[in-house]
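# Residue-level structure breakdown
What follows is the residue order along each chain.
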Amino acid sequence: MTKFKTLFGIKETDVKNTCLLLPLIKKDMLHGLCIERLSRGRLYASGNNSSFTIIHTGVGAGLLGDAALYLENTKCQNIIVFGSCGLVDEIDNLNIGNLVSPSLSYSLESFTEMLSGYSKWESHKPDKKLLEYLINNKVKKVTCASLGSLKLEEGYIDIFKEKNIDVADMECAALFSAVRCIKKKAAALFYVTDIINKKPFYRNLTTEDQRILSLSIKSAINILCKLTEENLKD
């Protein structure tokens, strides 16, 4: 068995032109993506539909960034992270349930630096054409900060506002930097699940919250399926 199949549960030759990397898998998400089941490897679980490959990476920059790097020698050319994010502030055009795509993500994944205060704010960008397609499908363009701590983000709100950061996640910048290294294309599609300090990620969701997020995820899946079927298929 090859290293790739040991880690991912599928062979390198099974990987399609487009890969969706999912830090988390919500209920009914695989069904919506037309994936019957995932094959489990040592680190990741993977599966295919007719248009793209799905890889469940787990949460965190290291796991998702490594997954992207391992795709270097496959025929995959487009990598999209599909997951959730937190909103820095509730404003007129952004709220829970919105679909967003970062046009820039700050690389702030170091827990230690986040604890002591960042000395630099390095940023990374997605592929312009992938971002443009998402924006043209009613996805809002945002500025993102990829963080190393859910707890510590609560103390950074004022700084985020000063730097015009709209949302926070944990993997986006890692993907953008990894694909630049392996010469692939990448973008991110997030659904907003919470508002930092106001409606935190650990709260109990109301029935209305659940309804809004369910519709948001379904809409995101439709956009991703349409994108790959019409533009990125093998």
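In case you missed it, the structure is sitting above this.
Criteria and cut-off values
Residues numbered from 1 in each chain as written. Predicted model: local features only at pLDDT ≥ 70, side-chain atom pairs only at ≥ 80, totals over all residues. Heavy atoms only, no water. Helix = DSSP H or I, 4+ residues; strand = E, 2+ residues; numbered from the N terminus. Rg over C-alpha atoms; globule rule 2.2 N^0.38 Å. Buried < 20%, exposed > 50% of the residue type's maximum accessible area, 1.4 Å probe, protein only. Contact = heavy atoms within 4.5 Å. Areas by Shrake-Rupley, 256 points an atom, 1.4 Å probe, with all protein chains shown as cover. Lys, Arg positive; Asp, Glu negative; His and termini not counted. Charge placed at Lys NZ, Arg CZ, Asp CG, Glu CD. Core = buried A, V, L, I, M, F, W, Y, C linked by side-chain atoms within 4.5 Å. Phe/Tyr/Trp six-rings, centres within 6.5 Å; stacked < 30°, edge-to-face > 60°. Salt bridge = Lys/Arg side-chain N within 4 Å of Asp/Glu carboxyl O. Pairing = 2+ DSSP bridges. Disulfide = S-S within 2.5 Å.

### Details of the overall build of the protein chain
Within the protein chain, the secondary structure is distributed over 8 helices and 10 strands. Taking 2.2 N^0.38 as the reference for a compact globule, 234 residues should give roughly 17 Å; the C-alpha atoms of the protein chain span a radius of gyration of 17 Å, in line with that estimate. For the protein chain, the spread of C-alpha atoms along the principal axes amounts to about 50 × 40 × 30 Å. Buried positions account for 52% of the 234 residues belonging to the protein chain. For the protein chain, long-range pairs separated by at least 24 residues make up 76% of all intrachain contacts whose partners lie at least 6 apart in sequence. Accessible surface, the protein chain: about 11,600 Å² in total, of which carbon and sulfur atoms supply 48%. Distance between charge centroids for the protein chain: 5 Å, based on 31 positive and 27 negative side chains.

### Focus on the nonpolar core
One finds L33, I54, I79, F82 and L175 to be the most contacted residues of the largest nonpolar core, which totals 63 residues. Excluding residues that lie within four positions of it along the chain, L33 makes contacts with L20, L22, N49, F52, I54 and I221. V88, Y118, F160 and I196 belong to the second-largest nonpolar core, a separate cluster that totals 14 residues.

### Re the packing of aromatic side chains
Evaluation of the coordinates by the stated rule reveals 9 aromatic pairs. Consider the rings of Y118 and Y156, whose centres lie 5.6 Å apart with planes at 55°: the pair is tilted. Within this pair, whereas Y118 is found in the loop between α4 (111–116) and β7 (123–124), its partner Y156 is found in the loop between β8 (140–147) and α6 (157–162), the two being separated by 38 residues in sequence. Residue classification places Y118 among the buried positions, given a relative accessible area of 14%. Under the relative-accessibility criterion, Y156 is labelled buried at 10%.

### A short note on unusual backbone geometry
Among all residues except glycine, the phi angle is most often negative; among peptide bonds, the trans geometry is most common. For N164, which is not a glycine, the phi torsion comes out positive at approximately 60°. One non-glycine residue, N197, adopts positive backbone phi at about 75°.

### What about the pattern of salt bridges?
Under the counting rule described, the total for this entry stands at 4 salt bridges. The shortest N-O distance in the salt bridge between D89 and K198 comes to 3.0 Å. Pair noted here: D89 is in the loop between β5 (78–87) and β6 (99–108) and K198 is in the loop between β10 (185–195) and α8 (207–232), with a separation of 109 residues, a long-range link. Its relative accessible area of 22% is what places D89 among the partly exposed residues. Between R203 and D209 there is a salt bridge, with the nearest N and O atoms lying 3.6 Å from each other. For the pair shown, R203 and D209 are each scored as buried. A cluster of three or more residues bridged by salt bridges with shared partners is formed by D89, K161 and K198.

### Quick word on the pairing of β6
Buried residues dominate β6, accounting for 8 of its 10 residues. Judged from the 2 bridges that link them, β6 and β10 form a sheet pairing that is antiparallel. For L99, the partnering residue across the bridge sits in β10 and is Y191. Where β6 and β8 come together, 8 bridges link them in parallel fashion. Bridging from a neighbouring strand, Y106 pairs with A145 of β8. Looking at chain direction, β6 and β7 are connected through 2 bridges and run antiparallel. Each residue of the ladder has a partner; that of Y106, found in β7, is S123.

### Digging into the state of the cysteines
Under the definition given, this model contains 0 disulfides. In this structure C34 is not part of a disulfide, and its nearest cysteine sulfur, from C225, lies 5.8 Å away. Take C172: it sits in no disulfide, and the sulfur closest to it among the cysteines is that of C144, at 4.7 Å. A relative accessible area of 0% means that C172 is categorised as buried.

Everything listed is a geometric property; what it means functionally is a separate question.
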